[in-house]
Amino acid sequence: MDRREVESRRANNQIWNGAGDYGLRPQFQVYGKDGRAALYFNTVIGLLYRTYDYKKLSALFYSFREQVNGELYTDLFWLGLERCVYLKHREERPVLEKLRRDYARQMVEKARAKADRDTLESLRTAWFCRILGEEPEESAWETGLLDRLEFSVELDTDGVRQQMEDLLYEYFRRPRRSVLDELGGSRVNKGFFATWHVKHTSGDALRRLDMAGGAGRSGGGLLQKRFAPFWQTKTKEAALREYITNCFGVSMLPEAKRIEAEKLLCTGGHRHCRLHFTKGLPPENPGAARERAAFQAQRERNRAYFQNHLVQNRLLIQKLAQGLQNTILLQMDVSEHRTQAGVLQPSLAWRSGSLGERNIFLQRQQNEPGQLSVDILLDASASQSGQQEKVAVQGYLIAAALTRCQIPVRVAGFCSVSGCTVLRVFRDYQETDRNEMIFDYVSAGWNRDGLALRAMRWLMAQSSGDRRLLIVLTDASPNDDQKFPTSGFLRSSRDYRGKAAVEDTAAEAAALRRQGVTVLCVFTGGDRELPAARMIYGRDMVRVPAVGWFADTVGKLIQSRLAEL
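On a predicted model such as this, the values are computed, not experimentally measured, just so you know.

Thresholds, definitions, all that
- Residues numbered from 1 in each chain as written.
- Predicted model: local features only at pLDDT ≥ 70, side-chain atom pairs only at ≥ 80, totals over all residues.
- Heavy atoms only, no water.
- Helix = DSSP H or I, 4+ residues; strand = E, 2+ residues; numbered from the N terminus.
- Contact = heavy atoms within 4.5 Å.
- Areas by Shrake-Rupley, 256 points an atom, 1.4 Å probe, with all protein chains shown as cover.
- Axes fitted to C-alpha atoms, helices over the stretch in contact; angles between N-to-C directions.
- Parallel < 35°, antiparallel > 145°, perpendicular 65-115°, else oblique.
- Left-handed = near helix turned anticlockwise from the far one by under 90°.
- Nonpolar A, V, L, I, M, F, W, Y, C, P; charged D, E, K, R; others polar.
- Phe/Tyr/Trp six-rings, centres within 6.5 Å; stacked < 30°, edge-to-face > 60°.
- Lys NZ or Arg CZ within 6 Å of the ring centre and 35° of its normal.
- Buried < 20%, exposed > 50% of the residue type's maximum accessible area, 1.4 Å probe, protein only.
- Pairing = 2+ DSSP bridges.
- Core = buried A, V, L, I, M, F, W, Y, C linked by side-chain atoms within 4.5 Å.
- 1 Å grid on protein atoms, 1.4 Å probe; cavity = no way out; pocket = protein on both sides within 12 Å on 5 of 7 lines; lining within 4 Å.
- Points joined across faces, edges and corners; volume = space filled by probe spheres on them.
- pLDDT = per-residue confidence, 0-100.
- Arc of directions from axis to C-beta.

**Q** Provide a residue-level description of the overall build of the protein, including the pertinent values.
**A** Summing up its helical and strand segments, the protein has 19 helices and 15 strands in all. Summarising the internal contacts of the protein: among those between residues at least 6 apart in sequence, 72% fall at separations of at least 24. Taken as a whole, the protein presents about 25400 Å² of accessible surface, with 50% of it coming from carbon and sulfur.

**Q** Now, about the packing of helix 4 (residues 70–89) against helix 8 (residues 157–172): what can you tell me, with residues and values included?
**A** At a minimum axis separation of 11 Å, helix 4 and helix 8 run at an interaxial angle of 135°. Classified by the angle their axes make, helix 4 and helix 8 are oblique. Note on packing geometry: the crossing formed by helix 4 with helix 8 is right-handed. In this structure, helix 4 uses Leu 72, Tyr 73, Leu 76, Phe 77 and Leu 81 to contact helix 8, whose residues at the interface are Val 160, Met 164, Leu 168 and Phe 172. A breakdown of the residues in the contact of helix 4 with helix 8 according to their chemical character gives nine nonpolar, no polar and no charged.

**Q** Explain the packing of aromatic side chains to me, and be specific about the residues and the numbers.
**A** We describe a pair of aromatic rings using the distance from one ring centre to the other and the angle between the two ring planes. Per the stated rule, a full pass over the model turns up 23 aromatic pairs. Over the aromatic face of Tyr 86 sits the side chain of Arg 100, whose NZ or CZ is 4.3 Å from the ring centroid. One cation-aromatic arrangement involves Arg 448 over Tyr 496; the distance from NZ or CZ to the ring centre is 4.2 Å.

**Q** Quick rundown of helix 7 (residues 140–149)? Include the residues and the values.
**A** Looking at helix 7, one finds that the buried residues are Glu 142, Gly 144, Leu 145, Leu 146 and Leu 149. Elements in contact with the buried residues of helix 7: helix 4, helix 6 (119–131) and helix 8.

**Q** Please give an account of the pairing of strand 11 (residues 467–474) that cites residues and values.
**A** The element strand 11 is largely enclosed, with a buried count of eight among its eight residues. With burial as the criterion, each face of strand 11 is covered, one bearing Arg 467, Leu 469, Ile 471 and Leu 473 and the other bearing Arg 468, Leu 470, Val 472 and Thr 474. Pairing of strand 8 (residues 372–379) with strand 11 involves seven bridges; the strand directions are parallel. If you follow Leu 372 over to strand 11, its bridge partner there is Arg 467. In this sheet, strand 14 (residues 517–523) lies alongside strand 11 in parallel orientation, the contact comprising seven bridges. In the sheet register, Thr 474 faces strand 14, and the bridge partner there is Phe 523.

**Q** Would you mind going over the packing of helix 4 against helix 6 in detail, with residue names and values included?
**A** Geometry of a packed helix pair, given as the angle between the helix axes and the separation of the axes. Between helix 4 and helix 6, the shortest axis-to-axis distance is 10 Å and the interhelical angle comes to 10°. Comparing their axes, helix 6 and helix 4 come out roughly parallel. Contacts from Glu 71, Leu 72, Asp 75, Leu 76, Leu 79, Gly 80, Glu 82 and Arg 83 of helix 4 reach helix 6 at Leu 120, Leu 123, Arg 124, Trp 127, Phe 128 and Ile 131. Taken together, the residues of the contact of helix 4 with helix 6 break down into eight nonpolar, one polar and five charged.

**Q** Hey, could you go over the nonpolar core for me, with residue numbers and the actual values?
**A** Phe 61, Leu 76, Phe 77, Leu 81, Phe 128, Leu 149 and Met 164 are the most contacted members of the largest nonpolar core, which totals 53 residues. Take this core: its biggest share by element is 10 residues, from helix 4. For Phe 77, the residues in contact, after removing those within four places along its chain, are Leu 57, Leu 60, Phe 61, Phe 64, Phe 151, Val 160 and Met 164. Grouped together as the second largest cluster of nonpolar side chains are 43 residues, Val 391, Tyr 396, Leu 557 and Leu 562 included.

**Q** Which residues make up empty space enclosed by the protein, and what values go with them?
**A** Considering all chains together, one arrives at three cavities of 30 Å³ or more under this definition. Roughly 120 Å³ of volume is contained in the second largest cavity. Lining the second largest cavity are 14 residues, with Phe 248, Ala 380, Arg 424, Phe 426 and Val 442 positioned closest to its centre. Elements with a minimum of two residues in the lining of the second largest cavity: helix 10 (237–248), helix 12 (289–308), strand 9 (409–417) and strand 10 (420–427).

**Q** Can you break down the confidence of the model for the protein residue by residue, with the values?
**A** Here the protein averages 81 in pLDDT, and 83% of its residues register 70 or above. Predicted confidence for residues 179–235 stays below pLDDT 50, and this span has 168 contacts to residues more than four positions away or in other chains.

**Q** Would you mind going over helix 18 (residues 530–537) in detail, with residue names and values included?
**A** Within helix 18 the residues assigned to the buried category are Leu 530, Ala 532, Ala 533, Ile 536 and Tyr 537. Seen from one end, helix 18 has its buried residues packed into an arc of 155°, which puts them on one side. Elements in contact with the buried residues of helix 18: helix 16 (449–461), strand 11, helix 17 (498–514), strand 14 and strand 15 (541–543). Immediately downstream of helix 18, the backbone of Gly 538 shows phi near 60°, a positive value.

**Q** Explain the sheet that holds strand 10 to me, and be specific about the residues and the numbers.
**A** An order of 4-10-9-8-11-14-15 is seen for the seven strands of this open sheet, with the pairing classed as mixed. The open sheet has two edge strands with one neighbour each: strand 4 (274–278) and strand 15. This sheet shows a mean twist of 20° between the axes of neighbouring strands, independent of strand direction. Sheet analysis places strand 4 next to strand 10, joined by five bridges and oriented parallel. Of the residues in strand 10, the one forming a bridge with Thr 278 is Arg 424. Those strands touched by helix 16 are strand 4, strand 8, strand 9, strand 10, strand 11 and strand 14, and its axis lies near 155° from that of strand 11. Contacts between helix 17 and the sheet are confined to strand 11 and strand 14, with strand 14 contributing the most and set at about 140° to the helix.

What follows is the structure, encoded as structure tokens:
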């Protein structure tokens with residue numbers, strides 16, 4: 001019997017001891033960095049079976065399984081459950097308090113040894129710091145999320161599950177299970193794929209709960225899942241269209257035009273994806289009341305945020321517009337050309353008789369800037385949920401300044417839901433009085449940046465213009481729940497995120513440039529996403545250090561590119 005088998009049996013015994021059921025076959029096991037079974041958390045898993053109806057909880061765990069952020073959702077749920085189980089059983093098992101603090105101390109020490117931490121690691125570190133009574137380094141967003149994760153011990157199984165679904169919807173815009181089930185978004189077992197259960201999951205199926213880093217075969221901080229393999233199904237077309245229409249508005253394209261666009265654009269790495277173009281007009285009898293209510297509340301917060309900083313915002317618009325106007329005027333300077341008609345130049349008259357030259361006249365002409373149009377694209381995925389007001393106002397500031405300069409501008413936002421990329425057009429080129437609609441911006445769902453840029457290229461090609469500018473406000477972190485497709489029988493396990501998704505987005509940005517579109521990025525992410533932004537947008541990217549620098553930073557970037565057009 002090898003060490004892994006020994007530790008697996010030890011983990012089972014720890015779980016059975018907590019559950020009081022030695023016939024239990026647990027779905028999760030927890031290991032430390034050294035590969036040894038983690039006594040505290042395995043005991044918590046066992047106690048969970050005694051405390052709640054695990055069959056009901058497992059349905060929610062199951063729905064996380066193949067979602068891109070499934071690891072984040074699963075571990076957050078376990079943290080919330082861990083606290084409830086501890087509070088319910090600490091009196092009957094006094095040793096739990098010491099075990100809990102020891103475990104939390106190990107997690108914090110491992111986290112502090114790492115230079116960079118992702119969102120999940122930051123949240124877990126803050127959680128365990130709270131257990132130790134330490135003052136964690138939390139953003140306002142993290143504090144709100146972790147506060148919500150402290151479920152009341154009075155809640156029953158249904159209550160805890162509902163609290164978690166509400167939390168994920170509020171902070172990540174993950175649809176609730178009722179919606180996922182209707183859309184077919186959760187995965188189902190098919191045929192013989194459902195009959196094989198692994199006894200020991202392979203390295204890439206193991207997940208860490210303790211901060212030890214990426215998963216591997218050797219164990220170490222591993223949360224082992226005993227799930228069966230399964231087949232990924234497509235979302236039901238009609239249900240998806242109805243849900244998206246209810247949430248975002250009816251399609252602004254005739255059905256035949258939309259189908260044509262999908263056939264042209266949803267190819268290659270975006271095969272099996274869908275598109276929805278809308279101006280936000282609600283259907284006659286809209287559903288998804290909870291989602292629409294949340295969206296409306298955010299729209300009101302956007303407008304209130306702008307009004308609360310009204311003087312500053314007006315000054316920024318004026319400063320940005322003035323800089324753009326100066327650049328345009330410079331391009332329209334008068335130039336002189338020698339022609340065959342115009343004002344006779346005496347100094348050149350002799351050349352007509354002696355040399356037969358006819359261009360002895362001078363004509364003054366005003367340089368024309370050409371037909372310029374600007375598109376602004378706002379990343380409206382859930383990753384922007386902590387700065388929705390800021391993104392909406394930034395989009396408005398740029399659009400308002402361009403409008404003052406009488407430059408046609410269109411503003412749209414994009415996100416993705418169950419493989420369907422939604423482009424919401426807030427105002428179109430000719431709608432100079434609709435800048436206020438930009439405050440309808442809300443973040444939700446995923447973001448398939450490559451397909452969004454491809455769709456914008458198609459949308460821009462539907463109108464005339466010899467000089468085009470696309471300004472993208474994004475955190476440069478493409479992340480979609482629809483995986484990259486492959487040929488063959490089985491679908492690929494290659495997620496649309498990370499390096500592959502960044503490379504796809506960079507390729508679409510390059511395709512826009514080849515078609516003569518100048519692509520600029522106003523970066524809204526953090527240091528971790530900065531290399532991806534540079535890879536996608538190169539030198540055509542700026543990061544605004546503070547709101548007071550917005551007009552200078554963004555204005556200089558736009559002005560320099562306008563001068564080159």
